[in-house]
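Observations on the model geometry
Chain residues, written in single-letter form:
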Protein chains: 2
Amino acid sequence: MIAPQKKASAKPRARATTKPKKAAPQASKAYHHGDLRRAIIDATKAIAEESGAEAFTLREAARRAGVNHRAAYRHFQDKSDVLAAVAEEGFTVLLARIVSTLEGVPASDPEARLLAIARSYVEFASENRGAYRVMSGPRLNVEANYPTLEEAITNCLVLVRREIEAGIQRDKLRNVNAFDATLALWAAVHGLATLVITRRVQVRPALVGSLTERLLGDLLSGYAKKK
Amino acid sequence: MIAPQKKASAKPRARATTKPKKAAPQASKAYHHGDLRRAIIDATKAIAEESGAEAFTLREAARRAGVNHRAAYRHFQDKSDVLAAVAEEGFTVLLARIVSTLEGVPASDPEARLLAIARSYVEFASENRGAYRVMSGPRLNVEANYPTLEEAITNCLVLVRREIEAGIQRDKLRNVNAFDATLALWAAVHGLATLVITRRVQVRPALVGSLTERLLGDLLSGYAKKK
DNA sequence: ACCTGAACACCGTTCAAGT
DNA sequence: ACCTGAACACCGTTCAAGT
């Protein structure tokens, strides 16, 4: 059995030839790179998608961005700081996606709104595996570092909680404890996303959303037989 | 349900016969380690509990076991193999715990049995944080390595599925798709355990079980208001 | 202001012994 | 049979420049 073959010594330096798109963000700033912070973040997501978040190294990310590994320190404090930046951006994008999806679901149907949230969450994870692996990786902020990351996560949880409370108020959801219900829902989508990402449950990308609605729909209805 | 089976793969021999608690590591001079495999596994769990699974290094584990880092290679193929061994043992112990707990819950109450499984799972995670961090870490067997680990996980899932099927047959659970329901339940307990382990939800260890029953109990009953 | 280079202590893994 | 030692390529991080 062959070990995970290391990159044989000095890679030919993949000189990323600058990121495509983006017209010219370097107006007066005469960067050497253009936007190294962006490039490092993108490289990190790519590495995480290819080989898992634990395979990420500062040096490899810098290599992909075409710079010396020390250059990253100009934009990030250390290795964890890069992961925190990726995670924070991920939660921010996820929240935006959820909010956008909810615009299409009537407030009169709280159950459908919760399902839409679940669907958005798991689809996001499935479509952004690199970012999600970082987001769901070892907690970066136990020591109360990364307050903006913590805030991005809290924003998501608050949104879910409000939806549950709104549903209860409209008398469309049972009068459960909203905090508990938020945790339970979040746990369920997190767990499901993990199963999908790790391919413990195999599902074609296009079907991730419907799988989520099916599984979570049953959960929201409950398994216990009505008396 | 399949028996734990012998540890396949390249490990030459299990030495599992020297299981008894070594009262004192006294004895010989040249002193081959009593059970280095055991010591490495325990050290790995300790490291994972203290600093997270990603902080585990072969060299540190060997250091704690009091041997040269090369000695570990006599018992494990490589770094991943150590993590796989820890994970496999964890799932085996978890299964035993669940089975033991279920003995005290009547077959006539499937919902209580599912809650007991959930409770066992999250309590195990809470009480064995090191092992659980490894078990829930990056998937080790994507390349179809570690078949015995895969089997240990499957054994757990099969047990859950059978409980659900039994509940449906007794007409105590709604006639949901058993496979889907298994995934949903597993996802929920995995997600909840992750929230507890990472302290995103803060709860005293003694209350983990009741928190789990409360949250999952609501889920099993469903959030949707009965019409 | 932004990036590079050398240095240090650490890792996983291999080859080659030591007992 | 079980363990140690030296070596190699890699990593994160620091100090100190180069442009």
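Below is a short write-up of the structure. Keep in mind that what you see is a predicted model, and the values were worked out from it rather than measured.

What counts and what doesn't
Residues numbered from 1 in each chain as written. Chains lettered and ligands numbered in written order. Predicted model: local features only at pLDDT ≥ 70, side-chain atom pairs only at ≥ 80, totals over all residues. Heavy atoms only, no water. Core = buried A, V, L, I, M, F, W, Y, C linked by side-chain atoms within 4.5 Å. Buried < 20%, exposed > 50% of the residue type's maximum accessible area, 1.4 Å probe, protein only. Contact = heavy atoms within 4.5 Å. Helix = DSSP H or I, 4+ residues; strand = E, 2+ residues; numbered from the N terminus. Buried area = accessible area lost by both parts, 1.4 Å probe. Salt bridge = Lys/Arg side-chain N within 4 Å of Asp/Glu carboxyl O. Polar contact = N/O pair within 3.5 Å; in protein donor to acceptor, adjacent residues only side chain to side chain. Nonpolar A, V, L, I, M, F, W, Y, C, P; charged D, E, K, R; others polar.

**Quick word on the nonpolar core**
Counting residues in each nonpolar core, the largest one holds 148 residues, and the members touching the most others are Phe91, Ile164, Trp186 and Leu216 of chain A together with Phe91, Trp186 and Leu216 of chain B. In this view, Ile164 of chain A contacts Leu114, Leu173, Ala178, Ala181, Thr182 and Leu185 of chain A; residues no more than four positions away in its chain are not counted.

**Here's the deal with unusual backbone geometry**
With a phi angle near 55°, Tyr146 of chain A is a residue other than glycine that sits in the positive phi range. Of note, Tyr146 of chain A is situated in the loop between α5 (129-135) and α6 (147-169). Residue classification places Tyr146 of chain A among the buried positions, given a relative accessible area of 16%. The residue Asp171 of chain B is not glycine, and still its phi comes out positive at about 65°. Structurally, Asp171 of chain B is set in the loop between α6 (147-169) and α7 (178-197).

**With respect to the side chain of Thr212 of chain A**
All names here are of chain A. In this fold, Thr212 is placed in helix α8 (residues 208-221). Residue classification places Thr212 among the buried positions, given a relative accessible area of 0%. With sequence-adjacent residues up to four places away left out, Thr212 is seen in contact with Ala118, Arg119, Val122, Leu192 and Gly217.

**Observations concerning the interface of chain A and chain B**
One widely used convention gives an interface's size as the accessible area the parts lose upon coming together. Contacts between the two partners involve 40 residues from chain A, matched on the other side by 40 residues from chain B. In total, about 4,100 Å² of surface goes out of reach between chain A and chain B, with carbon and sulfur atoms giving 62% of it. Area buried by chain A at its contact with chain B is led by Arg174, Arg200 and Tyr223 of chain A, which between them contribute 19% of it. In this structure, the connection of chain A to chain B is made through six salt bridges. One salt bridge connects Asp218 of chain A with Arg174 of chain B, and the closest N-O pair in it is separated by 3.8 Å. Where chain A meets chain B, there are six residue pairs in polar contact (both at pLDDT 80 or more). Counting residues per element, the side of chain A that touches chain B draws most heavily on helix α7 (residues 178-197) of chain A, which supplies twelve residues. Here the side of chain A that touches chain B is built from residues that sort into 19 nonpolar, seven polar and 14 charged.

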